[in-house]
Amino acid sequence: MAGVEDLQDKYKDEDVVFFVVYSKEPHAGETRHFKKYAQHETYEHKKQYAQEMVSEFGMKVPVLIDDLDESVVHAFGRMPNMTFIVDKEGKIAYKSDWMESERIEELLDKLLAEQTEAATA
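Positions within a chain are numbered from 1, following the residues in the order the chain's sequence is written. Since the coordinates come from a predicted model, pLDDT governs what is reported: local features require at least 70, and pairs of side-chain atoms require 80 or more to be given and counted, while whole-chain, interface and lining totals use all residues. As a convention, hydrogens and water are excluded, and side-chain values are obtained from all of the structure's heavy atoms.

**Looking at the pattern of salt bridges**
When a carboxyl oxygen of Asp or Glu is within 4 Å of a side-chain nitrogen of Lys or Arg, the pair counts as a salt bridge. Applying the stated criterion to the full structure yields three salt bridges. Between Lys10 and Glu105 there is a salt bridge, with its nearest N and O atoms 2.5 Å apart. Taken together, the residues span a long stretch of sequence, with Lys10 in helix 1 (residues 2-10) and Glu105 in helix 5 (residues 101-120) at a distance of 95 residues. Residue exposure (1.4 Å probe, protein chains only): buried if accessible area is under 20% of the type maximum, exposed if over 50%, otherwise partly exposed. You can call Lys10 partly exposed: its relative accessible area is 41%. For Glu105, a relative accessible area of 28% puts it in the partly exposed group. Lys10 serves as the salt-bridge partner of Asp109, at 3.4 Å between the closest nitrogen and oxygen. Helix and strand labels come from DSSP, where a helix needs a run of H or I of at least four residues and a strand needs a run of E of at least two; each type is numbered from the N terminus.

**A short note on a nonpolar patch on the surface**
Residues qualify for a patch when their relative accessible area is over 30% and they have no salt bridge, like charges being joined within 9 Å and the nonpolar side chains of Val, Leu, Ile, Met, Phe, Trp and Tyr within 5 Å. Each accessible area is a Shrake-Rupley result for a 1.4 Å probe, and residues are judged covered by the shown protein chains and nothing else. A cluster of nonpolar side chains, Val17, Phe19, Val21, Leu64, Val72, Phe76, Val86 and Ile92, forms an exposed patch at the surface whose accessible area comes to about 710 Å². For Phe19, the location among the structural elements is in the loop between helix 1 and strand 1 (20-22). Judged by its relative accessible area of 48%, Phe19 falls in the partly exposed class.

What follows is the structure, encoded as structure tokens:
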């Protein structure tokens, strides 16, 4: 989660909010690295995994937890690391199937510059 954490640090004084949505275990039960992680059976089970992820990675970005039916995932996309930039009007300004911090930084700089120009015009 270093990319999101770095972006959050860079834009901490700007009108930008970052968060992560924890939805599911994409590799539950697979290989030696994920064997201990089964698909969620209850919301408490899901919450426990999310808390473990935050603790293990020392995450400082707020983590929101999708419901057990994965409503957020179904509404916005099924990829595990999707990224969205939503503008002040609530419109999706950018959507990607994967988190690319350099691209996000470029787009945020552009959006913030446009907002500054609009505010001074």
